[in-house]
Amino acid sequence: MASIDDVRAALSGVLYPGFSRDIVSLGLVRDVAIDAGRVTVTLDCPARKGTVAEKLRTAIGSELRRFADVVDVTVETTVAPVPEERSGAGQRADSVRQPLPGVAHIVAVASGKGGVGKSTVAVNLAVALAQSGLRVGLLDADVHGPSAPLMTGTTDQRPQMVEGKKIKPICQYGITIVSMGFFIDDRSPVIWRGPMVMSIVRQFLKDVLWGDLDVLVVDLPPGTGDAQLTLLQEVSVSGGVIVTTPQDVALQDVRRGISMFATVQTPVLGIVENMSGYVCPQCHEHDPIFATDGGAREAATLEVPLLGRLALVAELRAAMDRGTPLVVDQPHHPVAETFREIAERVATGLGVHEGKSQ
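Everything quoted here is computed from the prediction, not taken from an experiment. (Residues numbered from 1 in each chain as written. Predicted model: local features only at pLDDT ≥ 70, side-chain atom pairs only at ≥ 80, totals over all residues. Heavy atoms only, no water.)

Undergrad: Explain the overall build of the chain here, please?
TA: Helix and strand content of the chain: 11 helices and 17 strands. Across the 358 residues of the chain, 51% fall into the buried class. Long-range contacts, defined as pairs at least 24 residues apart, comprise 72% of the intrachain contacts of the chain with a sequence gap of at least 6. Accessible area for the chain stands at about 16,100 Å²; split by element, carbon and sulfur atoms hold 50% of it. (Helix = DSSP H or I, 4+ residues; strand = E, 2+ residues; numbered from the N terminus. Buried < 20%, exposed > 50% of the residue type's maximum accessible area, 1.4 Å probe, protein only. Contact = heavy atoms within 4.5 Å. Areas by Shrake-Rupley, 256 points an atom, 1.4 Å probe, with all protein chains shown as cover.)

Here it is as structure tokens:
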């Protein structure tokens, strides 16, 4: 007869989707009960994606039915609490990440270091998702270095305030956008300490009239600081996308980004390798100036998908400087096609198809 210890041991062989760690070591198994061969497993499921829960039910059922005396397996899911943190007074500050009303999925685009093209990826990803028929928003959470207004050609626009409390986002290229760049001029530095950064990220999440969205893409600042922690603790994030370049100095920071998402039990949808090689505009030869296949190797090592490789081309830089994402400016360009492939893989990972969230 299978015991609770036997069941828990078997569950340690079930990996959480997008991770190389199992659901037991991640602390997701809340309870196991056995009654006359019927096993009930209660999970803390941090993402509210139906696809994640369904994958876990299938994997757990397959694993536990290997016991000859198990006749039925039931998997129940609850919302996972955020890992504990302590306030300055040393008191416990427990909270539960809540879904953002009207937003089906939140995707965090992150990088371990700056200068890898994270914002370029975030903007083109958001627009490509919208081009596929999804309702998409873009939250530029890089408070100190906002670039969404420039990259979307909206630097001269200002969001409206509704009833003096709510922010109406800017609409451009089929997406809705909010950025700190809309509230300052291009010469004003944002000299803020952590609490102020955390406050503006919360405001952009909770006080913006996002409406009904299939996906909210969040362009995070580089690193693993206040903005990242605020997002991941305030709302339920469906998954993360890590942007890197192929060289080792960038790849070592990818592991920190992966660990950040793992710490708060948020799955990683995959890695985007940017600047995978320079393409000469005259001879069209490919020169891997930042090394070769670094992102692919790191994705294989960390056991997460490689969402795509983006070549370093002048057309992409020029399009973003003009405020026109490449997927709009030159939709048939090979790099634009790669962006659409990345968007399709992200949508598949989220379980959204044909403009509908599952």
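So, next bit.
Undergrad: Which parts of the structure should I look at to understand the pattern of salt bridges?
TA: Any two side chains of opposite charge can pair if their charged atoms end up close together. Across all of its chains, the model carries 10 salt bridges by this definition. Notably, a salt bridge pairs glutamate 234 with lysine 206, separated by 3.2 Å at the nearest N-O pair. With glutamate 234 in helix α6 (residues 226–234) and lysine 206 in helix α5 (residues 194–206), this residue pair connects regions lying 28 residues apart in the sequence. Taken together, the salt bridges that share partners define one network made up of Arg202, Lys206 and Glu234. (Salt bridge = Lys/Arg side-chain N within 4 Å of Asp/Glu carboxyl O.)

Undergrad: Please clarify how helix α3 (residues 118–131) should be interpreted in this entry.
TA: Think of an α-helix as turning once every 3.6 residues; residues three or four places apart then point the same way. The end-to-end C-alpha distance of α3 is 20 Å, a good match for the 20 Å that 14 residues give at a rise of 1.5 Å each. Buried residues dominate α3, accounting for 13 of its 14 residues. Positive phi shows up at glycine 133, right after α3, with a value of about 105°. (Expected span 1.5 Å × (residues − 1).)

Undergrad: Where do I start with the sheet that holds strand β8 (residues 170–172) in this structure?
TA: Within a sheet, neighbouring strands are paired by backbone hydrogen bonds and run either parallel or antiparallel to one another. The strand order across the open sheet formed by 8 strands is β8-β9-β5-β10-β4-β11-β12-β15, and the pairing between neighbours is mixed. One side of each edge strand has no neighbouring strand; the edge strands of this open sheet are β8 and β15 (306–309). Each adjacent strand pair in this sheet contributes to an overall mean axis angle of 25°, direction not counted. Two strands pair when backbone bridges link them, and strand β11 (residues 239–244) and strand β12 (residues 268–273) are joined in this way by 5 bridges, in the parallel orientation. In the strand pairing of β12, threonine 244 is matched with glutamate 273. Sheet contacts for α3: β4 (103–110), β5 (136–140), β9 (175–179), β10 (213–219), β11 and β12; angle to β10, the most-contacted strand, approximately 170°. (Pairing = 2+ DSSP bridges. Axes fitted to C-alpha atoms, helices over the stretch in contact; angles between N-to-C directions.)

Undergrad: How do you make sense of the environment of valine 24 when you look at a structure like this?
TA: Looking at where valine 24 falls in the secondary structure, it is placed in the loop between α1 (4–11) and β1 (29–35). Its relative accessible area of 30% is what places valine 24 among the partly exposed residues. Along the backbone, valine 24 and serine 12 are 12 residues apart, and their C-alpha atoms lie at a distance of 5.3 Å. Once residues within four sequence positions are removed from consideration, valine 24 is found in contact with Arg8, Leu11, Ser12 and Val29.

Undergrad: I'm lost on the nonpolar core in this one. Help?
TA: In a soluble, globular protein the nonpolar side chains are often hidden away together inside. Grouped together as the largest cluster of nonpolar side chains are 45 residues, with contacts concentrated most on Leu129, Leu138, Val217 and Val346. Ranked by residues supplied to this core, first place goes to α3 with 9 residues. Leave out the neighbours within four places in its chain, and valine 217 touches Val107, Val109, Ala122, Ala126, Leu129, Val136, Gly137, Leu138 and Leu139. Core analysis: the next-biggest nonpolar cluster, separate from the first, contains 39 residues, Met180, Val197, Leu216 and Phe261 among them. (Core = buried A, V, L, I, M, F, W, Y, C linked by side-chain atoms within 4.5 Å.)

Undergrad: Whenever I open this one, the packing of α3 against helix α11 (residues 334–350) confuses me. Can you help?
TA: Packed helices, taken two at a time, are described by the angle their axes make and the gap between the axes. Relative orientation of the contacting elements α3 and α11 amounts to 70°, with a least axis distance of 9 Å. In this view, α3 runs roughly perpendicular relative to α11, as classed from their interaxial angle. For the pair α3 and α11, the contacting residues are Thr120, Val121, Asn124, Leu125, Ala128, Leu129 and Gln131 in the first and Phe339, Arg340, Ile342, Ala343, Val346 and Ala347 in the second. (Parallel < 35°, antiparallel > 145°, perpendicular 65-115°, else oblique.)

Undergrad: Just to check I follow, could you spell out the side chain of serine 179 for this structure?
TA: For serine 179, the position within the fold is in strand β9. Looking at serine 179, its side chain comes within polar contact range of the side chain of aspartate 140, at 2.9 Å. Within the structure, the side chain of serine 179 is placed 3.0 Å from the backbone nitrogen of glycine 181, a separation counted as a polar contact. When sequence neighbours within four positions are dropped, the list of residues in contact with serine 179 reads Asp140, Pro146, Ala148, Pro149 and Phe204. (Polar contact = N/O pair within 3.5 Å; in protein donor to acceptor, adjacent residues only side chain to side chain.)

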